[in-house]
Amino acid sequence: MAVIKLDLDRATSAVDRRILGGFTEHLGRCIYGGVFDEGSPLADAAGFRTDVVEAVRRLKPPLMRWPGGNFVSGYHFADGIGPADARPRRKDLAWHAEESNRFGTDEFMRFCELIGAEPYLCVNMGTGTMDEAAAWVEYCNGTGDTYWANQRRANGRAEPYGVRLWGLGNEMYGAWQIGALSAEDYVKAARQFAKVMTWTDPAIELVSCGETGWSDWDRVVIEGLAEFVRYHSLHIYTGSEDYWTNVLQPHQVEHALRVTGALIDQVRYNQRISHPIHVAYDEWNVWFREREGADGLEERYSLTDALAVATFLHAFVRHAKLVKIANLAQLVNVIAPIVTSPDGLFLQSIYHPLRLFADHLGELALDVFVEADEHQLSQSAVPDPWPYRVADAGPFPVLDAVATYTPDSSSGGGRLMLSVINRDPVSDVSAEIRIANSLRRQDATVEELNSDAIDATNSFAAPDRVSVSAGTIEKFGDGASYTFPAHSLTVLTMPCGPE
């Protein structure tokens with residue numbers, strides 16, 4: 001039998017709920033026909049799809065990144081403000097499309113208000129200028145009698161939006177990016193952008209443009225921008241037709257975080273940087289089928305992909321001390337958990353781990369120990385050779401687990417969440433749960449994400465083939481055992497407190 005051990009007094013870090021953030025880019029049907037669908041009978045008077053808004057609200061995203069992504073390196077915010085009918089229609093060179101600009105800054109801010117998310121803007125460091133970046137900060141946050149603040153007021157918003165988070169460009173290291181730069185040239189430009197943006201509003205927090213976390217680009221950028229930024233961004237997309245590669249590749253996040261954290265510590269020490277610098281994993285997802293964009297990057301996700309997404313979330317919780325922001329890319333239609341049609345929507349498999357964490361993620365990450373050797377895998381499921389590795393990471397136990405705890409000072413107890421992925425594609429795995437300081441057995445809620453096959457997908461015809469079932473376990477606590485079904489994500493939640 002496997003063993004999962006945790007101690008309510010062994011918290012590793014506070015958990016920032018912004019790891020459950022989202023991302024919307026002007027790409028395919030993410031914005032137009034997804035978030036925003038003027039003239040649709042499912043849209044409100046302003047053009048927002050009410051069914052999409054409701055589905056996003058259930059994910060409780062605390063943060064939403066916009067407008068890109070590659071799109072931002074050719075985007076000029078002034079094209080997207082003022083009367084919609086008077087806005088210029090532009091060619092989008094990033095995705096070889098046309099941009100109507102009917103969804104702009106004020107529309108994005110309204111969308112954030114509808115879903116209860118904080119806005120996170122990324123500035124154009126491709127074709128954009130530092131003057132333009134400072135003007136955008138002024139438009140969003142200005143309180144004085146200045147041109148761009150008055151433009152915002154003229155466009156119907158008297159009070160400033162108070163946008164706190166600003167990204168200094170997107171993937172500026174990539175040849176695919178408009179205005180791509182060397183790391184050294186990016187640092188030179190970003191330092192000037194950072195100065196004028198923070199001079200415009202000293203309260204904002206800046207995010208430097210990172211790559212993998214272990215590249216020379218990351219080293220140069222962290223060294224060059226540490227005095228200006230509060231976050232360093234990383235991007236990762238994983239995925240494979242091979243089951244084991246697919247479910248284990250997200251552990252590359254943990255390698256990236258170990259290296260990035262060391263780089264940040266070194267630079268802060270050497271440069272005597274007093275303010276903290278955290279990681280913003282502001283693009284992440286499973287993405288490998290629609291890489292060329294022929295179908296608008298509308299990936300269809302399987303149960304295996306959902307287990308991979310859950311592994312990403314586990315990684316963010318395990319490294320909660322360093323990762324304070326993460327943004328799933330993207331929100332609707334484009335490599336997304338929500339898929340729309342003119343008549344409605346369905347929820348992809350990857351929606352469900354996001355919703356489970358949105359509902360149950362606690363305040364403190366706990367140190368979890370898992371003992372589950374390879375012999376608990378069915379022989380037909382054991383990779384050859386075992387132990388299975390991805391890049392330089394591994395070996396991996398068949399069960400992957402994280403736990404969070406939310407103390408309740410009024411009761412002397414709190415609430416525990418234990419999230420467990422059984423990666424065996426064939427066999428159930430039983431585990432003894434050892435919870436130190438749980439005090440007494442309590443009824444627990446159990447929610448299980450699963451399906452009849454690892455390659456099962458949802459669709460308009462079968463929207464619930466991959467879904468979550470819920471139940472209750474009576475008097476669950478220290479020493480109890482639970483059998484985790486094959487190819488499943490199980491989230492157990494329970495109160496922990498005195499008699």
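Residues numbered from 1 in each chain as written. Predicted model: local features only at pLDDT ≥ 70, side-chain atom pairs only at ≥ 80, totals over all residues. Heavy atoms only, no water.

## A look at the overall build of the protein
Heads up, the rule is: Secondary structure elements are defined from DSSP: runs of H or I of at least 4 residues count as helices, runs of E of at least 2 residues count as strands, and each element is numbered from the N terminus. Radius of gyration here uses only the C-alpha atoms, and the compact-globule reference equals 2.2 Å multiplied by the residue count raised to the power 0.38. Throughout, exposure labels follow a simple rule: accessible area from a 1.4 Å probe, protein chains only, divided by the maximum for the residue type, with under 20% read as buried, over 50% as exposed, and the rest as partly exposed. Contacts are residue-level and defined by heavy atoms, with any inter-residue pair within 4.5 Å sufficient.
Helix and strand content of the protein: ten helices and 21 strands. Here the C-alpha atoms of the protein give a radius of gyration of 23 Å, agreeing with the 23 Å that 2.2 N^0.38 yields for 499 residues. The dimensions of the protein, computed from C-alpha atoms along their principal axes, are 65 × 55 × 50 Å. Taken across its 499 residues, the protein has 61% of its residues classed as buried. A separation threshold of at least 6 residues defines the contact pool for the protein, and within that pool the share at least 24 residues apart is 76%.

## Side note on the packing of helix H9 (residues 303–318) against helix H10 (residues 351–360)
Using the following cut-off: To get an axis, fit a line to the C-alpha atoms, keeping to the stretch in contact for a helix; angles then go from 0 to 180 degrees between the N-to-C directions. Classification convention: Asp, Glu, Lys, Arg as charged; Ala, Val, Leu, Ile, Met, Phe, Trp, Tyr, Cys, Pro as nonpolar; all other residues, Gly among them, as polar.
Running from N to C, H9 and H10 cross one another at 35 degrees; their axes reach a closest spacing of 8 Å. Only Pro353, Leu354 and Phe357 of H10 make contact with H9, whose side of the interface consists of Ala306, Val309, Ala310, Leu313, His314 and Val317. Residue composition of the contact of H9 with H10, grouped by class: eight nonpolar, one polar and no charged.

## Notes on the packing of helix H1 (residues 50–59) against H10
Quick note on the threshold: Here is the rule for angles: anything less than 35 degrees is roughly parallel, anything more than 145 is roughly antiparallel, 65 through 115 is roughly perpendicular, and the remaining ranges are oblique.
At a minimum axis separation of 7 Å, H1 and H10 run at an interaxial angle of 55 degrees. With respect to H10, the axis of H1 lies oblique. Of the residues in H10, those in contact with Ala55, Arg58 and Leu59 of H1 are Tyr351, Leu354, Arg355, Ala358 and Asp359. Its residues assigned to classes, the contact of H1 with H10 shows five nonpolar, no polar and three charged.

## Re unusual backbone geometry
Gly69 follows Gly68 through a cis peptide bond whose omega is 10 degrees. On the secondary structure map, Gly69 appears in the loop between strand E3 (63–66) and strand E4 (90–92). Here the bond from Ala329 into Gln330 is cis, since omega is -5 degrees, no more than 30 degrees from zero. Considering the arrangement of structural elements, one finds Gln330 in the loop between strand E11 (323–329) and strand E12 (338–341). Positive phi is not limited to glycine here, since Lys60 has a value of about 50 degrees. For Lys60, the position within the fold is in the loop between H1 and E3.

## Thoughts on H10
The buried fraction of H10 amounts to nine of the ten residues, a majority that puts the element mostly inside the structure. Turning to H10, its buried residues are Tyr351, His352, Pro353, Leu354, Arg355, Leu356, Phe357, Ala358 and His360.

## Overview of the nonpolar core
Put simply, the rule is: Buried Ala, Val, Leu, Ile, Met, Phe, Trp, Tyr and Cys residues that are joined via side-chain atoms within 4.5 Å together make up what is termed a nonpolar core.
Core analysis: the biggest nonpolar cluster contains 124 residues, and Trp166, Leu168, Tyr186, Met197, Tyr281, Trp284 and Phe316 have the highest contact counts within it. For this core, the element with the highest residue contribution is H9, accounting for eleven residues. With 29 residues, the next largest nonpolar core counts Val420, Ile473, Ala480 and Phe484 among its residues.

## Overview of the pairing of strand E10 (residues 278–286)
Each regular strand carries side chains that alternate between the two faces of the sheet. Put simply, the test is: Here, a strand pair is defined by DSSP locating no fewer than two bridges between the strands.
Most of E10 sits inside the fold, with nine of its nine residues counted as buried. One ladder, built from seven bridges, connects strand E9 (residues 231–238) with E10; its direction is parallel. From the neighbouring strand, Ser233 faces E10, where its bridge partner is Ala280. In the sheet, E10 pairs with E11 via four bridges, with the strands oriented parallel. From the neighbouring strand, Val279 faces E11, where its bridge partner is Val323.

## With respect to the sheet that holds strand E1 (residues 2–14)
With respect to topology, nine strands assemble into an open sheet ordered E19-E18-E21-E16-E15-E14-E1-E17-E20, the strand pairing being mixed. Looking along the sheet, the strands with just one partner apiece sit at the ends: strand E19 (467–476) and strand E20 (480–484). Averaged over all neighbouring strand pairs, the angle between strand axes comes to 25 degrees, with direction disregarded. Here E1 runs beside strand E14 (residues 364–371); their pairing, made up of seven bridges, is antiparallel. Within the sheet, the bridge partner assigned to Ala14 lies in E14 and is Leu364. Strands in contact with H9 are E14, strand E15 (399–408), strand E16 (413–422), strand E18 (442–450) and strand E21 (488–496); relative to E15, the strand with the most contacts, it is inclined by about 50 degrees.

## Digging into the sheet that holds strand E8 (residues 205–208)
Strand order in the closed barrel formed by eight strands is E2-E3-E6-E7-E8-E9-E10-E11, and the pairing between neighbours is parallel. Strand-to-strand twist of the sheet, defined as the mean angle between neighbouring strand axes without regard to direction, takes the value 30 degrees. Alignment of strand E2 (residues 21–23) against E3, held across two bridges, turns out to be parallel. Considered in E3, the bridge of Gly22 is made with Met64. Of the strands in this sheet, E3, strand E6 (118–122) and strand E7 (165–167) touch helix H3 (residues 130–141), which is tilted by about 160 degrees from E7.

## Brief notes about the packing of aromatic side chains
We apply this condition: Only rings of Phe, Tyr and Trp enter the pairing, Trp through its six-membered ring, and a pair is recorded when the two centres are within 6.5 Å. The plane angle decides the type: under 30 degrees is stacked, over 60 is edge-to-face, the rest tilted.
A full pass over the atoms with the stated rule returns 27 aromatic pairs. Ring geometry for Tyr281 against Phe316: centres 5.7 Å apart, planes inclined by 40 degrees, an arrangement best described as tilted. Taken as a pair, Tyr281 in strand E10 and Phe316 in helix H9 lie far apart in primary sequence, 35 residues in all. Residue classification places Tyr281 among the buried residues on the basis of a relative accessible area of 0%.

## Regarding the confidence of the model for the protein
Basically, it comes down to this: The quantity called pLDDT is the predictor's confidence in a given residue, expressed from 0 to 100.
For the protein, mean pLDDT is 94; residues scoring 70 or higher make up 95% of the total. Considering only residues more than four positions removed or in separate chains, one finds that residues 375–380, a stretch of pLDDT under 50, has 15 contacts.

## What about the pattern of salt bridges?
Our working rule: Put simply, a salt bridge is a Lys or Arg side-chain nitrogen that is within 4 Å of an Asp or Glu carboxyl oxygen.
Throughout the structure, instances matching the rule amount to 30 salt bridges. The closest approach of N and O atoms between Asp79 and Arg90, which form a salt bridge, is 3.0 Å. Of this pair, Asp79 sits in the loop between E3 and E4 while Arg90 is found in strand E4, placing the two residues eleven residues apart along the sequence. Residue classification places Asp79 among the buried positions, given a relative accessible area of 12%. Judged by relative accessible area, which is 43%, Arg90 ranks as partly exposed. Note that Arg110 is salt-bridged to Glu113, the shortest N-O span being 3.5 Å. Of this pair, Arg110 and Glu113 both sit in helix H2 (residues 105–115), separated by three residues, roughly a single helical turn. Judged by relative accessible area, which is 41%, Arg110 ranks as partly exposed.

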